[in-house]
Amino acid sequence: MESVQSLPPHQQQEFMKNLEQMQLKDSLAMYNNLVSRCFDNCVSSFRSKTLDRGEVSCTEHCAARYVKMTQRVGLRFAEHQAMQQKRAADAAAAAAN
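Criteria and thresholds
- Residues numbered from 1 in each chain as written.
- Predicted model: local features only at pLDDT ≥ 70, side-chain atom pairs only at ≥ 80, totals over all residues.
- Heavy atoms only, no water.
- Helix = DSSP H or I, 4+ residues; strand = E, 2+ residues; numbered from the N terminus.
- Rg over C-alpha atoms; globule rule 2.2 N^0.38 Å.
- Buried < 20%, exposed > 50% of the residue type's maximum accessible area, 1.4 Å probe, protein only.
- Areas by Shrake-Rupley, 256 points an atom, 1.4 Å probe, with all protein chains shown as cover.
- Lys, Arg positive; Asp, Glu negative; His and termini not counted.
- Charge placed at Lys NZ, Arg CZ, Asp CG, Glu CD.
- Expected span 1.5 Å × (residues − 1).
- Contact = heavy atoms within 4.5 Å.
- Polar contact = N/O pair within 3.5 Å; in protein donor to acceptor, adjacent residues only side chain to side chain.
- Disulfide = S-S within 2.5 Å.

Within the protein, the secondary structure is distributed over 3 helices and 0 strands. For 97 residues, the compact-globule estimate of 2.2 N^0.38 gives 13 Å, and the C-alpha radius of gyration of the protein, at 21 Å, exceeds that figure by more than 25%. When the backbone C-alpha atoms are referred to their principal axes, the protein occupies close to 70 × 35 × 15 Å. Considering the protein as a whole, with its 97 residues, one finds that 9% of them fall into the buried category. Carbon together with sulfur atoms contributes 58% to the accessible area of the protein, which is approximately 8500 Å² in total. In the protein, the 12 positive side-chain charges and the 10 negative ones have mean positions that sit 7 Å from each other.

Written out as structure tokens, the structure is:
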């Protein structure tokens, strides 16, 4: 984000707008994937307008597992990025010496 600070104000605004749009798109894709996956795995009958208890329970557990998995992957990705940045900084410091 430091490089964003060096941009002119109008480009910073455009960058942030694009970033927000990408985040929204990613959030919607994650939500749609969650709904599709849990519906396909948990809903098996269409005898009534409402889900039966087993389908509701399955859907709730599926959604909870999906969200937990997504958060865990996000944390691991952030850890990996931090390690990569540290390695790059260490390499740059070693090269400077």
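There is more to say, and it comes next.
An ideal rise of 1.5 Å per residue puts 64 Å on 44 residues; helix α3 (residues 53-96) measures up with 64 Å between its terminal C-alpha atoms. Among all positions of α3, only Glu55, Cys62 and Tyr66 are buried. In the core, the buried residues of α3 are packed alongside α2 (9-42). With a side-chain oxygen lying 3.1 Å from the backbone nitrogen of Gly54, the N-terminal cap of α3 falls on Asp52.

All right, on to α2 then. Between its terminal C-alpha atoms α2 stretches 49 Å, which fits the 50 Å expected from 34 residues at 1.5 Å a residue. Residues Leu34, Cys38 and Cys42 constitute the buried set of α2. Close packing links the buried residues of α2 with α3.

Quick look at the state of the cysteines now. The full count for this structure, using the stated rule, is 2 disulfides. Note that Cys38 is cross-linked by a disulfide to Cys62, the S-S spacing being 2.1 Å. Sign of the S-S torsion, about -85 degrees for the bond between Cys38 and Cys62, identifies this disulfide as left-handed. Of this pair, Cys38 sits in helix α2 while Cys62 is found in helix α3, placing the two residues 24 residues apart along the sequence. Neither Cys38 nor Cys62 differs from the other in exposure class; each is buried. Two residues share a disulfide in this structure: Cys42 and Cys58, whose sulfurs sit 2.1 Å from each other.

As for its placement among the helices and strands, Phe77 is situated in helix α3. Take Phe77: its relative accessible area is 52%, and that puts it in the exposed class. Separated by 24 residues in the primary sequence, Phe77 and Arg53 place their C-alpha atoms 36 Å from one another.

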